[in-house]
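One letter stands for each residue in the lines below.
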Amino acid sequence: MWHAGYEVVRAIEDLQVCELKPREAQLLRGSVGDPALGIRCVSYDAAGRALEYVTSVAIGEHARYSVSQ
C-alpha cells in the first residue's frame, strides 16, 4: 500500500471499546454514552517513519472490524 508516494510496510492498530462523547454522538446521530468502538491506526514506511495517523469511532451496534492480508 502507498500513502503520499511512500510505501506503507507496517501499521499498528489499537481497538478500544468506549462510549460516545458529545461531539461524536452528534456526528453519528447517537447519544452521549452509547457504546462504541474506537480505532487508532499509525502507518509506517520501511525506515520506521510514521506516515499516517488515523482515529475513528463507530457506534457499537454498527461496529465491525475485519482483517485481511
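Residues numbered from 1 in each chain as written. Predicted model: local features only at pLDDT ≥ 70, side-chain atom pairs only at ≥ 80, totals over all residues. Heavy atoms only, no water.

Things to note about the packing of aromatic side chains
Using the following cut-off: Each aromatic pair joins two rings of Phe, Tyr and Trp (for Trp, the six-membered one) with centres within 6.5 Å, and gets the label stacked for planes under 30 degrees apart, edge-to-face for over 60, and tilted for any other angle. Each ring is checked for a lysine NZ or an arginine CZ that lies within 6 Å of its centre and within 35 degrees of its normal; such an atom marks a charge sitting over the ring.
Using the criterion set out here, one finds 0 aromatic pairs in the structure. The lysine or arginine in question, Arg 10, covers the ring of Tyr 44, its NZ or CZ lying 4.4 Å from the ring centre.

Notes on the pattern of salt bridges
As a reminder, the rule being used: Salt bridge criterion: a side-chain nitrogen from Lys or Arg within 4 Å of a carboxyl oxygen from Asp or Glu. By definition, any uninterrupted DSSP run of H or I lasting at least four residues is a helix, any uninterrupted run of E lasting at least two residues is a strand, and each is numbered from the N terminus. Relative accessibility decides the category of a residue: with a 1.4 Å probe and only protein chains considered, values under 20% of the type maximum give buried, values over 50% give exposed, and everything between is partly exposed.
Counted by the stated rule, this structure contains 2 salt bridges. A salt bridge links Arg 40 to Asp 14; the shortest N-O distance between them is 3.0 Å. Of this pair, Arg 40 sits in strand S4 (residues 35-44) while Asp 14 is found in strand S3 (residues 10-19), placing the two residues 26 residues apart along the sequence. A relative accessible area of 40% places Arg 40 in the partly exposed class. Residue Asp 14 is classed as partly exposed on the basis of its relative accessible area, which comes to 34%. With its nearest N and O atoms 2.8 Å apart, the salt bridge here joins Asp 45 to Arg 49.

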